[in-house]
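Read off the chains here:
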Amino acid sequence: MRRIPRIPSVASALSSSSTASAPARSAAACLLKRDIATRSPRTTQLRSQTCAHSQRRYLSVSSRSLSTAQQVDTDVARVLEEEAAVLQAGAQIPSREIQTDLVYPRGVVEAPRSTDVTDPEYTPAETAEGLEEVGGLANWWEDPEHWSASKEYVGFGPQEKVTDPAVLEVLTRRAVVEGLIYTRYAEKGCKNPLREIGGREEMERALKVEVDVAEDGTATLKKSFKPVWADLNRPTPEGKPVTAEISPADAQQLAKSWDPKWKTISLRDPVTKFAVAKRIQRLTGHVVPDGKLFGINTAAGLVAQLIKPPKPKKLAEEIATKSELVSLPNVRVFPRRVTPVDKEKMVGRWKIIVQELEKRELPVVGTGNYGKAVEKKWILGKA
Amino acid sequence: MTVKALQQISTGRNGVGAFILQCKKMDIHYCDWAGSSRGMNGFIKSILPQFAAAHPQIEFTVSPRPSKHPIIVGHYINGREKAICVRNMEPLQILKKAELLRDASGEKLKRVTKPVQSINDSVRGVWSPYHGNGMQV
């Protein structure tokens, strides 16, 4: 197609030059032909303008003035005629309708014109003040009904992180076993690598796999791990994913039944480590930070990273639970600020102070209605 | 409440016969929230247990002082107090300050111009083992 530098595209030139006869040429006008025939002349005119406008919008060009089109030489005019002929011959402007499952505003409902209203009591308003506002798209996307389920965020891991220590330990063992199996078969390729959670059966199969751990942490998988590889290779089923859940009590019992040596399994191999970390994220929702992942070299380290005792909020609480300070006879730890009143109470003077203050009808705490001591600022040299 | 000395017939010489540490109490204040207390919180957790165990004659009180810088207040048997602000200090720097308070006499700081200070000056001067006839042991 020939390009003319002064005109961005042939279509734009067509758009600008066709302003006068837009309804006849535009594809949108063709679509509305039936409607035009059945409407009043005013509506038809309105529609024509709308069509011209919409055509310009579909072609995504800026509106060129008519004078620009008139300046094109005969060569350009010929090209335009050719283009117009092609369009009239049936070539359609490609539809820009976006395929989406979002609910967006469609269909315009037009109110009857005031002249068409037959109700004798109807009086058209002269100003917009006090009229009820109908429609509008201001808050369209605020309505959750206008959003489809496909637009909801779906993370790789579960939305809620697993926090129970026993469950985390069980899931870590499963992740480590599956990571080891994945590493063993990684060269063969995995169709659905470490993505599928599976149901209860898959989980039990993975947890039943026995692992022999050498002194240096090298793990050797015993029999019955091939079904687990098959589970890992299974494609994701359609619909809601099946998730295996285990209760904290069951998890505790299960964790006790294992030889604690499994926690010495080495994760120094980066392929295994990343596979396990990925599996951990899928199963528990915990993302192991890169900085931490670097320092994790055993399954025990991974468990320690995932299971975190709640941090004591106050230093006094921490001292009370951990520190040797509590046992020392010459140390006293107070959980809150020691106030002047506390100090008086410690030496047994507070009762007497209260009695004396009450006898004089003075406020016990604070200044009461007396305000601050005026002499204070004199003493401090502020006055 | 300070210890008031009884009217005494002879002047006590601390360190002659017995030594009484002049610092009798230390108040250790910290804040749970403020960053300037980070070192102090570490000091309380890691160093204070050993320090307090090594000084059973000093009473330690640990209490929060919210929204304030951490301080150590030393109380002395002469009735005076000495407070040191330890904001933004590391635990080991705070230990130095605690040792300073422990070793202080509680008196106001005075300019020291002479190597030996005495409340009962000797007319013969300071005894020296390197002068005179020597002593046969």
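Conventions adopted
- Residues numbered from 1 in each chain as written.
- Chains lettered and ligands numbered in written order.
- Predicted model: local features only at pLDDT ≥ 70, side-chain atom pairs only at ≥ 80, totals over all residues.
- Heavy atoms only, no water.
- Helix = DSSP H or I, 4+ residues; strand = E, 2+ residues; numbered from the N terminus.
- Buried < 20%, exposed > 50% of the residue type's maximum accessible area, 1.4 Å probe, protein only.
- Areas by Shrake-Rupley, 256 points an atom, 1.4 Å probe, with all protein chains shown as cover.
- Expected span 1.5 Å × (residues − 1).
- Contact = heavy atoms within 4.5 Å.
- Salt bridge = Lys/Arg side-chain N within 4 Å of Asp/Glu carboxyl O.
- pLDDT = per-residue confidence, 0-100.
- Buried area = accessible area lost by both parts, 1.4 Å probe.
- Core = buried A, V, L, I, M, F, W, Y, C linked by side-chain atoms within 4.5 Å.
- Arc of directions from axis to C-beta.

**Considering the overall build of chain A**
Turning to step 1, where the next piece is worked out: Summing up its helical and strand segments, chain A has 18 helices and three strands in all.
Turning to step 2, where the next piece is worked out: Looking at chain A as a whole, 30% of its 383 residues qualify as buried.
Turning to step 3, where the next piece is worked out: As displayed, chain A offers around 27500 Å² of accessible surface, 54% of which is attributable to carbon and sulfur atoms.

**Quick notes on helix α1 (residues 38–54) of chain B**
Turning to step 1, where the next piece is worked out: With 17 residues, α1(B) extends 24 Å from end C-alpha to end C-alpha; this agrees with the ideal 24 Å at 1.5 Å per step.
Turning to step 2, where the next piece is worked out: By the burial criterion, the buried members of α1(B) are B:Gly39, B:Met40, B:Asn41, B:Gly42, B:Phe43, B:Ile44, B:Ile47, B:Leu48, B:Pro49, B:Phe51 and B:Ala52.
Turning to step 3, where the next piece is worked out: Of the surrounding elements, those touching the buried residues of α1(B) are α15 (315–321) and β3 (331–333) of chain A together with β1 (23–30), β2 (59–64), β3 (71–76) and α2 (91–103) of chain B.

**Some words on the pattern of salt bridges**
All names here are of chain A.
Turning to step 1, where the next piece is worked out: Tallied over the full model, the rule gives 17 salt bridges over all chains.
Turning to step 2, where the next piece is worked out: Where Arg 174 meets Glu 178, a salt bridge forms, and the shortest distance between an N and an O atom there is 3.0 Å. One end of the pair is Arg 174 and the other is Glu 178, both in helix α8 (residues 165–185) and four residues apart, which spans about a single turn. Each of the two residues, Arg 174 as well as Glu 178, counts as buried.
Turning to step 3, where the next piece is worked out: Taking the shortest distance from any N to any O, the salt bridge between Lys 222 and Asp 212 comes out at 3.7 Å. Remark: Asp 212 occurs in strand β1 (residues 211–213) and Lys 222 occurs in the loop between β2 (219–221) and α10 (226–233); sequence separation between them is 10 residues.

**A closer look at the confidence of the model for chain B**
Turning to step 1, where the next piece is worked out: Looking at chain B, the pLDDT average stands at 90 and 98% of residues meet or exceed 70.
Turning to step 2, where the next piece is worked out: Among the prediction metrics, the complex's ipTM stands at 0.80, with pTM recorded as 0.48.

**Points about the interface of chain A and chain B**
Turning to step 1, where the next piece is worked out: Counting from both sides, the interface comprises 19 residues of chain A and, opposite them, 19 residues of chain B.
Turning to step 2, where the next piece is worked out: Regarding the contact of chain A and chain B, the summed buried area is about 1500 Å², with carbon and sulfur atoms giving 61% of it.
Turning to step 3, where the next piece is worked out: Looking at the side of chain A facing chain B, the largest losses of area belong to A:Leu315, A:Asn330 and A:Arg332, adding up to 38% of the total buried there.
Turning to step 4, where the next piece is worked out: Where B:Glu59 meets A:Arg332, a salt bridge forms, and the shortest distance between an N and an O atom there is 3.0 Å.

**Re the environment of B:Leu92**
Turning to step 1, where the next piece is worked out: Secondary-structure assignment places B:Leu92 in helix α2.
Turning to step 2, where the next piece is worked out: Sequence-wise, B:Leu92 and B:Gly42 are 50 residues apart; in three dimensions their C-alpha atoms are separated by 9.5 Å.

**What about the nonpolar core?**
All names here are of chain A.
Turning to step 1, where the next piece is worked out: Judged by nonpolar contacts, the single largest core of 46 residues is most densely connected at Ile 181, Leu 221, Ile 265, Val 276, Ile 280, Val 288 and Leu 302.
Turning to step 2, where the next piece is worked out: Among the elements of the structure, α8, α9 (200–208), β1, α10, α11 (248–257), α12 (270–284) and α14 (299–306) are those that each provide at least two residues to this core.
Turning to step 3, where the next piece is worked out: If one sorts the elements of this core by residue count, α8 sits on top with 12 residues.
Turning to step 4, where the next piece is worked out: Not counting the four nearest positions on each side in its chain, Val 288 is found in contact with Ile 280, Leu 293, Ile 296, Leu 302, Gln 305 and Leu 306.

**A word on the confidence of the model for chain A**
Residues and elements named next belong to chain A.
Turning to step 1, where the next piece is worked out: Chain-level pLDDT for chain A is 77 on average; 75% of the residues reach the 70-or-more range.
Turning to step 2, where the next piece is worked out: Of all secondary-structure elements in chain A, the lowest mean pLDDT belongs to helix α3 (residues 27–31), at 39, while helix α17 (residues 350–359) reaches the highest, 96.
Turning to step 3, where the next piece is worked out: Contacts for the low-pLDDT stretch residues 4–66, under 50 throughout, to residues beyond four places or in other chains number 61 contacts.

**What to know about unusual backbone geometry**
All names here are of chain B.
Turning to step 1, where the next piece is worked out: The phi dihedral of Ser 67 falls on the positive side, at around 60 degrees, and the residue is not glycine.
Turning to step 2, where the next piece is worked out: Using a relative accessible area of 60% as the deciding quantity, one classes Ser 67 as exposed.
Turning to step 3, where the next piece is worked out: Residues other than glycine seldom take positive phi values, yet Asn 88 does so here, at roughly 60 degrees.
Turning to step 4, where the next piece is worked out: Among the structural elements, Asn 88 can be located in the loop between β4 (81–85) and α2.
Turning to step 5, where the next piece is worked out: A relative accessible area of 55% means that Asn 88 is categorised as exposed.

**Quick word on α2(B)**
All names here are of chain B.
Turning to step 1, where the next piece is worked out: When the terminal C-alpha atoms of α2 are compared, their 18 Å separation across 13 residues agrees well with the 18 Å that a helix rising 1.5 Å per residue should span.
Turning to step 2, where the next piece is worked out: Those residues of α2 lying buried are Pro 91, Ile 94, Leu 95, Ala 98, Leu 101 and Arg 102. For α2, the angular spread of the buried residues around the axis is 120 degrees, confining them to a single face. When the buried face of α2 is taken as reference, the exposed residues oriented beyond 90 degrees from it are Leu 92, Lys 96 and Asp 103.
Turning to step 3, where the next piece is worked out: Where α2 is buried, its residues contact β1, α1, β3 and β4.

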